[in-house]
Amino acid sequence: MSALGRLTLYLALMSSISFGGIPSVLPGIHDFVVIAHGWLSDRDFANFFALAQTIPGPNMILMMSLVGWKVAGLAGALAAAGATAIPPCMMYFVGYRLWDRFRDAAWQKIARASLAPLTFGLIVAGGTVMAETADKNWQAIAVTTAAAAFLLSTRINPLWMLGAAAMLGALGLV
Amino acid sequence: MPLAAEASQPLARASLGELFYEFLKVSLLGFGGGIVLAHRAAVERRRWLTEGDFADALTLCQFMPGPNVVGIAICVGAKTRGALGALTAFAGFVLLPGAIGFALALVYLGQTRVPLVENVLRGISPAAAGLMIGTGLRLLKPHRRDLRTILFAALAFAGLAIVKFPLLLVLATLAPLGVAATLYNRASLR
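Given the structure is predicted, the values throughout are model-derived calculations rather than measurements. (Residues numbered from 1 in each chain as written. Chains lettered and ligands numbered in written order. Predicted model: local features only at pLDDT ≥ 70, side-chain atom pairs only at ≥ 80, totals over all residues.)

Participant: Would you take a moment to explain the overall build of chain A for this structure?
Facilitator: When its secondary structure is counted, chain A shows seven helices and zero strands. Ordering the α and β elements of chain A from the N terminus gives α-α-α-α-α-α-α. Taking 2.2 N^0.38 as the reference for a compact globule, 174 residues should give roughly 16 Å; the C-alpha atoms of chain A span a radius of gyration of 20 Å, well beyond that estimate. Expressed as lengths along the three principal axes of its C-alpha atoms, the size of chain A is roughly 55 × 55 × 25 Å. Taken over 174 residues, chain A has a buried fraction of 47%. The long-range share in chain A, meaning contacts at least 24 apart out of those at least 6 apart in sequence, stands at 46%. (Helix = DSSP H or I, 4+ residues; strand = E, 2+ residues; numbered from the N terminus. Rg over C-alpha atoms; globule rule 2.2 N^0.38 Å. Buried ≥ 20, exposed ≤ 12 C-beta atoms within 10 Å, placed from the backbone. Contact = placed C-beta atoms within 7 Å.)

Participant: Just to check I follow, could you spell out the overall build of chain B for this structure?
Facilitator: Helix and strand content of chain B: eight helices and zero strands. Mapped in sequence order, the helices and strands of chain B form the string α-α-α-α-α-α-α-α. Here the C-alpha coordinates of chain B stretch approximately 60 × 40 × 30 Å along the principal axes.

Participant: Teacher, can you tell me more about helix 7 (residues 147-162) of chain B here?
Facilitator: Helical periodicity: at 3.6 residues per turn, an α-helix aligns residues three or four positions apart in one direction. The end-to-end C-alpha distance of helix 7 of chain B is 21 Å, a good match for the 22 Å that 16 residues give at a rise of 1.5 Å each. B:Thr149, B:Phe152, B:Ala153, B:Ala156, B:Phe157, B:Gly159, B:Leu160 and B:Ala161 are the residues of helix 7 of chain B that are buried. Where helix 7 of chain B is buried, its residues contact helix 5 (106-134) of chain A together with helix 6 (115-140) and helix 8 (167-184) of chain B. Once helix 7 of chain B ends, the next one or two residues include B:Lys164, with phi positive near 65 degrees. (Expected span 1.5 Å × (residues − 1).)

Participant: Could you clarify how one ought to interpret the packing of helix 2 (residues 16-29) of chain B against helix 5 (residues 68-109) of chain B in this entry?
Facilitator: Packed helices, taken two at a time, are described by the angle between their axes plus the distance between the axes. Residue and element names in this part refer to chain B. For the pair helix 2 and helix 5, the least separation of the axes is 8 Å and the interaxial angle reads 45 degrees. By the angle class used here, helix 2 and helix 5 are oblique. In terms of crossing hand, the pair formed by helix 2 and helix 5 is right-handed. A per-class count over the contact of helix 2 with helix 5 returns 15 nonpolar, six polar and one charged. (Axes fitted to C-alpha atoms, helices over the stretch in contact; angles between N-to-C directions. Parallel < 35°, antiparallel > 145°, perpendicular 65-115°, else oblique. Left-handed = near helix turned anticlockwise from the far one by under 90°. Nonpolar A, V, L, I, M, F, W, Y, C, P; charged D, E, K, R; others polar.)

Participant: Sorry, what's going on with the domain arrangement of chain B here?
Facilitator: Taken domain by domain, chain B comprises domain 1 (2-140) and domain 2 (145-190). Here the C-alpha centroids of domain 1 of chain B and domain 2 of chain B sit 26 Å apart. (Domains from an automatic or database assignment.)

Participant: Can you help me understand the domain arrangement of chain A in this one?
Facilitator: Accessible area lost during the coming together of the parts is what is often quoted as the interface size. Assigned domains of chain A: these are domain 1 (3-101) and domain 2 (106-170). One C-alpha centre belongs to domain 1 of chain A, the other to domain 2 of chain A; they are set 26 Å apart.

Participant: I'm lost on the packing of helix 4 (residues 51-62) of chain B against helix 5 of chain B in this one. Help?
Facilitator: Residue and element names in this part refer to chain B. Interhelical geometry of helix 4 versus helix 5 gives an angle of 135 degrees and a closest axis separation of 9 Å. By the angle class used here, helix 4 and helix 5 are oblique. Classified by chirality, the crossing of helix 5 by helix 4 is right-handed. Residue-level contacts link Asp53, Ala57, Leu58, Leu60, Cys61 and Gln62 of helix 4 to Asn68, Gly71, Ile72, Cys75, Val76 and Lys79 of helix 5.

Participant: Is there a simple way to explain the environment of B:Thr182 in this structure?
Facilitator: Residue and element names in this part refer to chain B. Tracing the chain through its elements places Thr182 in helix 8. By C-beta crowding, Thr182 is classed as buried, having 21 other C-beta atoms within 10 Å. Separated by 34 residues in the primary sequence, Thr182 and Arg148 place their C-alpha atoms 8.3 Å from one another.

Participant: In this structure, what is going on with the interface of chain B and chain A? I would like to understand it.
Facilitator: With 85 residues of chain B in contact, the opposing surface of chain A contributes 77 residues. Only helix 2, helix 3 (34-45), helix 4, helix 5, helix 6, helix 7 and helix 8 of chain B provide two or more residues apiece to the side of chain B that touches chain A. The greatest single-element share of the side of chain B that touches chain A, amounting to 24 residues, is contributed by helix 6 of chain B. Looking at the side of chain B that touches chain A residue by residue, the class counts come to 60 nonpolar, 20 polar and five charged.

Participant: Sorry if this is basic, but what is going on with helix 5 of chain B here?
Facilitator: In this model, helix 5 of chain B (42 residues) spans only 28 Å end to end at C-alpha, well below the 62 Å of a helix rising 1.5 Å per residue. Along helix 5 of chain B, the helix axis deviates most sharply at B:Arg81, where the bend reaches about 145 degrees. (Bend = angle between axes of the 7 residues up to and from the residue.)

What follows is the structure in structure tokens.
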């Protein structure tokens, strides 16, 4: 099979089992494209990751399209993006249809009451883990705390907070 | 309070254009905290979904593979306008920003780094993290007197953020325990 075919199949498989998001299967993708096949260097992989974080939009899909681009040009980029995005999206759609259709079923009331608390905790945890990598000094910790407090206690549009934080960053204060 | 407002106002029907526009905005301005903006757009501003519908979709997406925020876009689109709505939200969230991002990335890969951009991002990332923490706490707020909810939220938080177990392990351990606690405490459903 061609490199493009193998990459596409592998990414489709990885995206289908990426519980918690693509970052959870990133180590596997790294081993496949860098170590097993040598399609790109360690450094390329790290650069693509950092770059995808700084560009607005769907980060991980963008990162995989850059990997695909490196492997097989524009066709590679399109195939890799599709393999990363389409399988989970089909599952979300079918899953949600079923979930919504049976919303009054007894099993679902139990599932909802049991799983929703975990969701809330996981979201707070996700923010905390992000803060651990983002908060390198006390100013950054203050920004994180203020953003959480504002969101919790006011109805101010969160975009204002992102804008204010961007301003602080531009002035070199964070 | 969002819950009081929700009860008094009926839900609005989304147009495909609005779905596309809102999720395009969530995607371009989300910076890793897209759930916050999606909630703001779909529940508070546009009133396409109730607070409960949104928490429902979020719960489903947490327990499925893939990028969760894209899942939210699909669910909101599907809830308001069916398959076409899901496709439209996907197009707004993934297709257009992905194409722009890809072009930007190719340009950027040929350049040296721009310090101002890096500074701005250094300011945004802590705020995005804080907004995500705030969103989780806000979803918890209506349940603050429910001991079981607080306990399981705290366990999930600790498993992932403090002990740093892999997500799959946290889910596989706490989901059955959560179901057991609910069954034991059936009164909490009524």
